[in-house]
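Coordinate inspection notes
Chain residues, written in single-letter form:
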Amino acid sequence: MPNEKVALPSTRRSLPIALIRAREAVMAPIREMLAGTGLTEQQWRVLRVLDEFGPMDASQLSREAGLMASSLTRIVQSMVTDGLVTRESSTTDRRRQIIGIASSGQKVLADNRDAALAIAEDLHDRLGKRDLERLLNLLEALAKVDPRN
């Protein structure tokens, strides 16, 4: 029957809601760690990505850090002002901005490395290596799914 009402999945089995709940569980200790740094979660991600991959243009940084380009512009500006990152014009294309981590940004990471490692190890211990790797692989695959198909 065309007018028959089809029930939505239970909120306990809804992927968007489950992802939000999982994100909150994972982020709670990270937020606690960041409380003493003056950094936001987004700024922490920017520093982590730049530390791991080195200087990069804003569009690549946006993708790697999981930030919208419009948000990244504002975040990077405040981080430049605070001396955490550097921003320079590309030598090959003056329209491109290359963002790198400054020494004070590296110091923030170094000062919090042990706490961040302890958080990661706790998550690893609670989930187990196999399940954590499986979850990360599934999330990576999900991120590649084109929502238009």
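Residues numbered from 1 in each chain as written. Predicted model: local features only at pLDDT ≥ 70, side-chain atom pairs only at ≥ 80, totals over all residues. Heavy atoms only, no water.

Below, the discussion takes up the packing of helix α2 (residues 41-53) against helix α3 (residues 58-65). The geometry of α2 relative to α3 is characterised by a closest axis approach of 9 Å and an angle of 110 degrees between their N-to-C directions. Regarding the angle of α2 to α3, the classification is roughly perpendicular. Here α2 runs over α3; the crossing is right-handed. For the pair α2 and α3, contact is made by Arg45, Val46, Val49, Leu50 and Phe53 and by Leu61, Glu64 and Ala65, respectively. Among the residues making up the contact of α2 with α3, the classes are represented as six nonpolar, no polar and two charged. (Axes fitted to C-alpha atoms, helices over the stretch in contact; angles between N-to-C directions. Helix = DSSP H or I, 4+ residues; strand = E, 2+ residues; numbered from the N terminus. Parallel < 35°, antiparallel > 145°, perpendicular 65-115°, else oblique. Left-handed = near helix turned anticlockwise from the far one by under 90°. Contact = heavy atoms within 4.5 Å. Nonpolar A, V, L, I, M, F, W, Y, C, P; charged D, E, K, R; others polar.)

Attention shifts here to the environment of Leu72. Structurally, Leu72 is set in helix α4 (residues 69-81). Note: C-alpha distance between Leu72 and Ser59 (13 residues apart in sequence) is 9.0 Å. The contacts of Leu72, once residues within four sequence positions are left out, are Val46, Ala58, Leu61, Ser62 and Leu67.

The next subject is α2. When the terminal C-alpha atoms of α2 are compared, their 18 Å separation across 13 residues agrees well with the 18 Å that a helix rising 1.5 Å per residue should span. Buried within α2 are the following residues: Glu41, Gln43, Trp44, Val46, Leu47, Val49 and Leu50. Positioned one or two residues after α2, Gly54 has a phi angle of 85 degrees, which is positive. (Expected span 1.5 Å × (residues − 1). Buried < 20%, exposed > 50% of the residue type's maximum accessible area, 1.4 Å probe, protein only.)

Within the structure shown, the criterion is met by eight salt bridges. The shortest N-O distance in the salt bridge between Arg126 and Asp122 comes to 3.0 Å. Within this pair, Arg126 and its partner Asp122 are both found in helix α5 (residues 103-127), separated by four residues, close to a single helical turn. Note on Arg126: relative accessible area 57%, which makes it exposed. (Salt bridge = Lys/Arg side-chain N within 4 Å of Asp/Glu carboxyl O.)

Glancing now at the confidence of the model for the protein chain. Per-residue confidence for the protein chain gives a mean pLDDT of 92, with 97% of residues at or over 70. Across the protein chain, the secondary-structure element scoring lowest on mean pLDDT is strand β2 (residues 85-89), at 92, and the one scoring highest is α2, at 97. (pLDDT = per-residue confidence, 0-100.)

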